Structure formats: structure tokens, C-alpha cells
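Reading the structure
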Amino acid sequence: MCSTGHCHPEVVRAIQDQAAQLIHMCGTDYYYSLMPDLAKKLDEIVPVQRPTRTHFANSGTEAVETALKLAMHATGREKFISFFGSFHGRTLGSLSLTSSRAAQRLGFKRQVLDVVHMPYPNEYRNPFNAEDCGDGGVVQGAVNWIENRLFITTTPPDEVAAIVVEPVQGEGGYVPAPAAFLKELRRICDEHGILLVADEVQSGMGRTGKMFALEYSGVKADIVCIAKGIASGLPLGACVARADLMDWKKGAHASTFGGNPVAIAAALKTIDLLQRELVANSAEVGAYLKNGLEKLMSKYDCIGDVRGWGLMIGVEFVKDRASKKPDPELRDRVEIETFNRGVILLGCGANSIRWSPPLILTKENVDVALEIFDEAIAASI
């Protein structure tokens, strides 16, 4: 039930049943009932104005590529706005959006698409100046950056096809976007005929304690990109868009194995489990985990911030809370010490650790993991 492929037994059975029927079939040139079944289910749950249409792919980066092509096709425009710290994939189109690390771009020359990047509204590390922020904090700062800087200098709004945003930045440090900022993005897009694309590849499918992180703001996107947890580890991506946008001509976009029947069977069972119990479990156990991490923050001055929703929580390591100076070396030591004690965690951003466990996690599992994390920090400082 997570991006690393921890499959629930019911998902495994659904996969086995479907695979047994499809031994001699490959590709998606012919009709089979599971594909429209999943499209109908996504139409019900994805935060996009209904009716929707869905293109199925094999991965997150393919879903993003679909969104980029669709935005250009639907608007006739070619420019995009993305955010520093973002990760949208490593294929050439999505790589133009990605900016979480220079290593991901090194050696690939100029970006393929016309993308301008701007700071992400991080409430712990406000990247905007006081004049831009006024009384509105990072939200006002980000809005001013778009409307009073980009739109009047390098990026005329009537040339922008889409603003592409992660409702929770993943690789950039598990940083949730303020709800007010996402509402302002919706307003800006509506005023200028720009499409709002939400990349929910990492934050979607129950990860944050809601089916999609965008739900915390009440905002509906024009296009939503999904992958990772949608099929419990099997290769499946989906680009869900307003039906009036996805009206491109036959042959404009396709994928040989995108939406293969076995992966779709896994996705249907995954969504069933999410709706039945696992989104609620993510919210409840995630709150329990976050509370435990906040207790550790009160114990250790090297933890500067604990943030996130559900089972998508970031812990940021600093030299001390007063200075907020990042401590990536300590983060790396804690990651290794935790691994050596039997818990696998991964870094994100410059100096944060991500908690992104399977959605079947229990409070008892959390107690053990927090005890190990406590020991790892003590051994690392």
C-alpha cells in the first residue's frame, strides 16, 4: 500500500486472478472492462471538476508528461511555472519542471520546455522578503512573486499553459503547501486561462490521511497526476483531467503497456481498501506518529520542524532551533543509525527525513519505530 510496493493480501489475490486470465494478452489496443471501471472510480474520487477523462501510463513521470502535452494542446500555450525543490520525474519534459537537485539535471544541457521556477511557500523557511509578504506571510509572498514579478517581467500570463504544483513537496523536503496558497493559485489560473496541474504522485492515494492532499484546501485542479501507491507497487500512472480538456485527436498520445489489466486490477482493489479502511488508518496512525515525533522534537534541539499530514511526515534537522541552520550531516547519520537498527527511512530535501510507511501501519509499529528513531538520534548527535 505504498510506493515501495508493500501489497495487501487482497491486492495480491486480485492480481493473481487477473493475471490468470491474460496470459496471452499484451498491450492496450483492445477493449477490456477493467480500464473504464478504474476511469469511473477515478472520476468519483479525484479532485477535478467532473466529468473527467483519464489517460493511463506506467509511472509518475509518464503521467506528468501526459499533463504537459495536454496543457499545451488544450491552451495553445507553451510556458509553465514550477517551483524550486520540486520533483516531477526524470524524462525530458518532466525534468524541465524538476528542480530538487542539480544532479538530476547535470549532463542533460538545456531544458526541453519553457519553464520558469519560483520559490515554494515553505512556512518554516520563508523564502520571500518582508515587503512581498506584508501581513500575509508566505502566501502573500508567493502570490506577489507570480503576479508582480513573473507576470510583468519574464512570463506573460497569457502565454502560460499551466502552473504545476505538488500539494506536498516530496523530494523537496515533505513540505505541505498552505491551503490559502493553493486557493490563490486557483484564482490566478482562473483569471488568466491557465491550467492548474496537481502532481499527487507521492502525496495521493491516502498517503496524507485523505485520498488526495489537495482535499485539505478544498481546491479542484484541472489536471491531476497519480502513480506510486495507486496500484500497490505495480507500474501504473494516471493523468486525470477535465473531460473538456482531454479531447485531443486520435493518436495524439498513447502508451503500449500503460494501464495494463493486471496493474488496473491491483488499482481497483487498492482503492477499495483505501476507501474501506486505509485512508482512515493513515489519518489516525499518522496523527499518532506525528505526535510522537513532536515529543522527540521537544527532547532534541536538533529537530527544527515536524510537518505533514497522515503518513507523509517530514522531520527537519538543524544545528539548533534558534538559528535554524540546516544540518544535513546529522540527518545522514540519523538515517544510517536508524537503518542499522532495523527501520528504513529516507532523506528528502537538504536536511530532512521522510516518514512514508505502508498505510497498514499500526500504532504498535509506530511505538517501535519511534523508540528506534530516538536511539538513532541519541547515537548521532
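Please read all numbers here as calculations on a predicted model, not as lab measurements. (Residues numbered from 1 in each chain as written. Predicted model: local features only at pLDDT ≥ 70, side-chain atom pairs only at ≥ 80, totals over all residues. Heavy atoms only, no water.)

1. Digging into the overall build of the chain
Each helix and strand in the chain was counted, giving 10 helices and 13 strands. At 21 Å, the chain has a C-alpha radius of gyration in line with the 21 Å of a compact globule built from 381 residues. The dimensions of the chain, computed from C-alpha atoms along their principal axes, are 60 × 55 × 40 Å. Looking at the chain as a whole, 56% of its 381 residues are labelled buried. If you take every contact in the chain between residues at least 6 apart in sequence, the share linking residues at least 24 apart comes to 71%. (Helix = DSSP H or I, 4+ residues; strand = E, 2+ residues; numbered from the N terminus. Rg over C-alpha atoms; globule rule 2.2 N^0.38 Å. Buried < 20%, exposed > 50% of the residue type's maximum accessible area, 1.4 Å probe, protein only. Contact = heavy atoms within 4.5 Å.)

2. Some words on a nonpolar patch on the surface
On the surface, Leu92, Phe108 and Val112 cluster together to form a nonpolar patch covering roughly 290 Å² of accessible area. On the secondary structure map, Phe108 appears in the loop between helix H4 (92-97) and strand E3 (114-118). (Patch = residues over 30% accessible without salt bridge, like charges linked within 9 Å, V, L, I, M, F, W, Y side chains within 5 Å. Areas by Shrake-Rupley, 256 points an atom, 1.4 Å probe, with all protein chains shown as cover. Salt bridge = Lys/Arg side-chain N within 4 Å of Asp/Glu carboxyl O.)

3. Some points on the pattern of salt bridges
What the rule picks out here adds up to 29 salt bridges. In this structure, Glu44 and Lys41 form a salt bridge, with 3.4 Å as the shortest nitrogen-oxygen distance. With Glu44 and Lys41 both in helix H2 (residues 34-45), this residue pair falls three residues apart, about one helical turn. Owing to a relative accessible area of 47%, Glu44 belongs among the partly exposed residues under this scheme. Beyond isolated ion pairs, a larger network of salt bridges with shared partners links Glu10, Lys269, Asp272, Arg276 and Glu277.

4. A look at the pairing of strand E10 (residues 303-309)
Of all seven residues in E10, six are buried; the element is thus mostly enclosed. Note: E10 against strand E11 (residues 312-317), six bridges, orientation antiparallel. Note on E11: the bridge partner recorded for Trp309 is Met312. Here E10 folds back onto E11 in antiparallel fashion, the turn holding two residues, of which Gly310 has a positive phi close to 55°. (Pairing = 2+ DSSP bridges.)

5. Side note on the packing of aromatic side chains
For the structure on display, the rule yields six aromatic pairs. In this structure an aromatic cluster arises from ring pairing among Phe83, Tyr120 and Phe181. The ring of Trp145 has Arg149 sitting right over it, with the charged end atom 4.3 Å from the ring centre. Its end group placed over the ring of Tyr216, Lys210 keeps NZ or CZ at 5.2 Å from the ring centre. (Phe/Tyr/Trp six-rings, centres within 6.5 Å; stacked < 30°, edge-to-face > 60°. Lys NZ or Arg CZ within 6 Å of the ring centre and 35° of its normal.)

6. Things to note about H2
In a regular helix each residue adds 1.5 Å, so 12 residues correspond to 16 Å; H2 covers 17 Å between its end C-alpha atoms and thus fits that length. Those residues of H2 not exposed but buried are Leu34, Leu38, Leu42, Asp43 and Ile45. (Expected span 1.5 Å × (residues − 1).)

7. Some details on the sheet that holds strand E8 (residues 223-226)
Read from one edge of the open sheet, seven strands run E1-E9-E8-E7-E4-E2-E3, paired in mixed fashion. In this open sheet, the two strands that pair with only one neighbour each are strand E1 (52-57) and E3. Each neighbouring strand pair of the sheet contributes to a mean axis angle of 20°, computed without reference to strand direction. (Axes fitted to C-alpha atoms, helices over the stretch in contact; angles between N-to-C directions.)

8. Overview of the packing of helix H8 (residues 261-299) against helix H10 (residues 363-380)
Between two packed helices, what matters for the description is the angle formed by their axes and the separation of those axes. The contact between H8 and H10 brings their axes to 10 Å, and the two run at 20°. Comparing their axes, H10 and H8 come out roughly parallel. The chirality of how H8 crosses H10 is right-handed. Here Glu284, Val285, Tyr288, Leu289, Gly292, Leu293, Leu296 and Lys299 of H8 come into contact with H10, specifically with Lys363, Val366, Asp367, Leu370, Phe373 and Asp374. (Parallel < 35°, antiparallel > 145°, perpendicular 65-115°, else oblique. Left-handed = near helix turned anticlockwise from the far one by under 90°.)

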